[in-house]
Amino acid sequence: MMKRQLHRMRQLAQTGSLGRTPETAEFLGEDLQQVEQRLEPAKRAAHNVHKRLQACLQGQSGADMDKRVKKLPLMALSTTMAESFKELDPDSSMGKALEMSCAIQNQLARILAEFEMTLERDVLQPLSRLSEEDLPAILKHKKSLQKLVSDWNTLKSRLTQAAKNSGCGQGLGGGAGGYSHTATATKVETLKEEEEELKRKVEQCKDEYLADLYHFATKEDTYANYFIHLMEIQADYHRKSLSSLDTALAELRENHSQADPSPSMTAAPFFGVYGVSLATHLQDLGRDIALPIEACVTMLLSEGMKEEGLFRLAAGASVLKRLKQTMASDPRSLQEFCSDPHAVAGALKSYLRELPEPLMTFDLYDDWMRAASLKEPGARLEALQQVCSRLPQENLSNLRYLMKFLARLAEEQEVNKMTPSNIAIVLGPNLLWPPEKEGDQAQLDAASVSSIQVVGVVEALIQNADTLFPGDVNFNVSGLFSAPGPQDKVSNRPAAEELPAIAVAASAPAPAPAPASAATKERAESEASPRPGSPKVSGSPSEAATPAEDMARRSKLAGPRGAAGRKEGLACSYRTVIFLLPTDCFVRLVNKLFWTKLEQLPQL
């Protein structure tokens, strides 16, 4: 018994890595041996695909059409739409759209149910038979043949040993030796009969196994057609769904276009602003800088430079929507939004994000990425200069305008907490993104990696704005928005009361300027140039109002704002006077004006 077990262990140790054993290998040619090696992988493939494909079905497996349709999520959506439609006016635009959407979802659900039933019949069931019946039967015959061959080899070893013992006993002569010889001879005859019977079984099992292998080899193309047919069924399903959607959408759009436009949409002319290409927008409006970029930048320069978290904190959705509508329909009425810099920043981000092509263009995307990958600062800056020089003129002008503004915003980072890195993080993905290509999954997978490089590009542009975009920028380039001076602040005091103080400031002799560093002089020159303020529309950019008219107009625009408004207006006027007056005039003003007016107001 122990020798038999050791013999079996040696046979198992000789088994090949692909499942081929010596028992079956001696009966198979080279071609059939390759077919045998494909049995186990084919069984696993059929089983795994069947399992995953079964999990993709949305309906009840094995059910008829009506039962399957009821269980589909699309039918549940159609039912919800039908219930909601009952609560709407059937003649309204929303009611008509919901009614047609309900019908198309119902139709799509039936197309899906038909697809799943065909899939079960033509793909899932054949794969199930292949993995659960056909291939397991062949593998079962293989195991049976292996066991029979192993038993046959064992029996032949026993027969050989018995014949050897019989020959030794015959040489011993008569007596007890003669009886032993007779018993051994009988045993040999019995083993020969068993060996013949086992050999017959081996031959029969071998014939069945070879027939199975030949059958599998001839049916492999048929099994491969299961997967081809799967894709054909999927393609037919998508074609039917797309055809239904195209028909329904054409009818829906036709009905919707026949409806009367709402009065709010026809109250003011609408110019293409958001979602329009930069070149088309500039050409239609005859501008060099896009309207949303200039309007938002001028408003932020006036009211938002010290706002903490600018471009990072989100504005209210309703305010942002109203600002975008005003931008497109009546840009001369934007002054009401100056008090909400986060909404203004959101409108600017939205404009950049909704451009059909990013401001930094798809064509130069790879060049920007290569420039960002350079480690040496000098080489990186030179590469960025070269890419900037290849931008279209309208893109370059708007990018230069925007980067100059962002560089000025970063100068206030101690207050607004917006460093060049923080600005690049929130604005970079709106300035450059990779072009989408159908079927290019690698491009989509690399989006998260490229976004980091985009941030690096935009941060470098902000930090080196003066080098990459030399020269000064007139932010009020179109002249549509007036730039208020330091004295042009909202106040409730009559203009006649403020003018004397300003007149004193203007007529008083100025002290000799103290020596200043080059940086201080450069900063002073930049502050001396007119900066855009809140977008108050100028009737004519060349017309200049007198100080009295301008102050009166500002006071009128401010209007009554209650006690808080009066405090803020007076404080603003005092700050303006203090900023303008020399030291001696400031002392006289404090004695004659400041404390008098302060006592007349509520406690600040």
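Note: the structure precedes this text.
Here is what the cut-offs are and how they apply
- Residues numbered from 1 in each chain as written.
- Predicted model: local features only at pLDDT ≥ 70, side-chain atom pairs only at ≥ 80, totals over all residues.
- Heavy atoms only, no water.
- Helix = DSSP H or I, 4+ residues; strand = E, 2+ residues; numbered from the N terminus.
- Contact = heavy atoms within 4.5 Å.
- Areas by Shrake-Rupley, 256 points an atom, 1.4 Å probe, with all protein chains shown as cover.
- Axes fitted to C-alpha atoms, helices over the stretch in contact; angles between N-to-C directions.
- Nonpolar A, V, L, I, M, F, W, Y, C, P; charged D, E, K, R; others polar.
- Phe/Tyr/Trp six-rings, centres within 6.5 Å; stacked < 30°, edge-to-face > 60°.
- Buried < 20%, exposed > 50% of the residue type's maximum accessible area, 1.4 Å probe, protein only.
- Parallel < 35°, antiparallel > 145°, perpendicular 65-115°, else oblique.
- Left-handed = near helix turned anticlockwise from the far one by under 90°.
- Expected span 1.5 Å × (residues − 1).
- Salt bridge = Lys/Arg side-chain N within 4 Å of Asp/Glu carboxyl O.
- Core = buried A, V, L, I, M, F, W, Y, C linked by side-chain atoms within 4.5 Å.

K.L.:
A description of the overall build of the chain should follow, citing residues and the corresponding values.
P.N.:
The helix and strand tally for the chain stands at 26 helices and two strands. Put simply, 80% of the contacts in the chain that link residues at least 6 apart link residues at least 24 apart. Summing over all exposed atoms, the chain offers an accessible surface of approximately 35000 Å²; the carbon and sulfur share of this is 54%.

K.L.:
Lay out the packing of helix H13 (residues 341-353) against helix H18 (residues 420-431) in plain terms, naming residues and giving numbers.
P.N.:
The contact between H13 and H18 brings their axes to 8 Å, and the two run at 35 degrees. Together, Lys 349, Leu 352 and Arg 353 of H13 and Val 426, Leu 427, Asn 430 and Leu 431 of H18 make up the contact between the two elements. Taken together, the residues that form the contact of H13 with H18 break down as four nonpolar, one polar and two charged.

K.L.:
Describe unusual backbone geometry, listing the residues and the values that go with them.
P.N.:
One non-glycine residue, Phe 311, lies in positive phi territory at about 75 degrees. Locating Phe 311 in the fold gives a position in the loop between helix H11 (291-303) and helix H12 (317-329). Notably, Thr 361 is not glycine yet its phi reads approximately 70 degrees, a positive angle. As for its placement among the helices and strands, Thr 361 is situated in the loop between H13 and helix H14 (365-373).

K.L.:
Explain the packing of aromatic side chains to me, and be specific about the residues and the numbers.
P.N.:
With the rule as written, the count across this model stands at seven aromatic pairs. Here the aromatic rings of Phe 216 and Tyr 223 are separated by 5.9 Å at their centres, their planes lie at 35 degrees, and the arrangement is tilted. Tyr 223 matches Phe 216 in its accessibility class, with the two residues each being buried. Relative to Tyr 226, the ring of Tyr 223 has its centre 6.0 Å away and its plane inclined at 45 degrees; by these criteria the two rings are tilted. Residue Tyr 223 and its partner Tyr 226 are located together in helix H8 (residues 176-258), separated by three residues, close to a single helical turn. You'll find Tyr 223 and Tyr 226 in the same group, each marked buried.

K.L.:
Talk me through the packing of helix H16 (residues 393-410) against H18; I want residue IDs and the actual numbers.
P.N.:
Relative to each other, H16 and H18 sit at 155 degrees, their axes nearing to 10 Å. On the basis of the axis angle, H16 is roughly antiparallel to H18. Handedness of the crossing formed by H16 with H18: right-handed. Note on element contacts: H18 touches H16 through Pro 420, Ile 423, Leu 427 and Leu 431, opposite Leu 402, Met 403, Leu 406, Leu 409 and Ala 410. When the residues that make up the contact of H16 with H18 are grouped by side-chain class, the tally is nine nonpolar, no polar and no charged.

K.L.:
A description of H13 should follow, citing residues and the corresponding values.
P.N.:
Over its 13 residues, H13 runs 18 Å from end to end, which matches the ideal 18 Å to within 8%, given 1.5 Å per residue. Burial of H13 is extensive: 12 of the 13 residues sit out of reach of the surface. Every buried residue of H13 is listed here: Pro 341, His 342, Ala 343, Val 344, Ala 345, Gly 346, Ala 347, Leu 348, Lys 349, Ser 350, Tyr 351 and Leu 352. Where the residues of H13 are buried, they touch helix H10 (278-285), H11, H12, H16 and H18.

K.L.:
Explain the pattern of salt bridges to me, using residue names and the numbers behind them.
P.N.:
Scanning all chains against the criterion turns up 17 salt bridges. Between Glu 220 and Arg 38 there is a salt bridge whose closest N-O contact spans 2.8 Å. Of the two residues, Glu 220 is situated in helix H8 and Arg 38 in the loop between helix H3 (30-37) and helix H4 (39-56); the sequence distance between them amounts to 182 residues. Among the residues examined, Glu 220 registers a relative accessible area of 24% and is labelled partly exposed.

K.L.:
Mind laying out the nonpolar core, listing which residues take part and the relevant values?
P.N.:
For soluble globular proteins, nonpolar side chains are generally found buried alongside one another. Core analysis: the biggest nonpolar cluster contains 71 residues, and Phe 311, Trp 368, Phe 405 and Leu 406 have the highest contact counts within it. The residues contacting Trp 368, other than those within four sequence positions of it, are Met 360, Leu 384, Val 387, Cys 388, Leu 391, Leu 432, Val 457 and Leu 461. By size, the runner-up hydrophobic cluster in this structure holds 44 residues, among which are Leu 135, Leu 139, Leu 145 and Val 149.

K.L.:
Lay out the environment of Leu 230 in plain terms, naming residues and giving numbers.
P.N.:
Structurally, the position occupied by Leu 230 is in helix H8. Expressed as a C-alpha distance, the spacing of Leu 230 and Leu 124, which sit 106 residues apart in the sequence, is 9.2 Å. For Leu 230, the residues in contact, after removing those within four places along its chain, are Leu 53, Leu 119 and Val 123.

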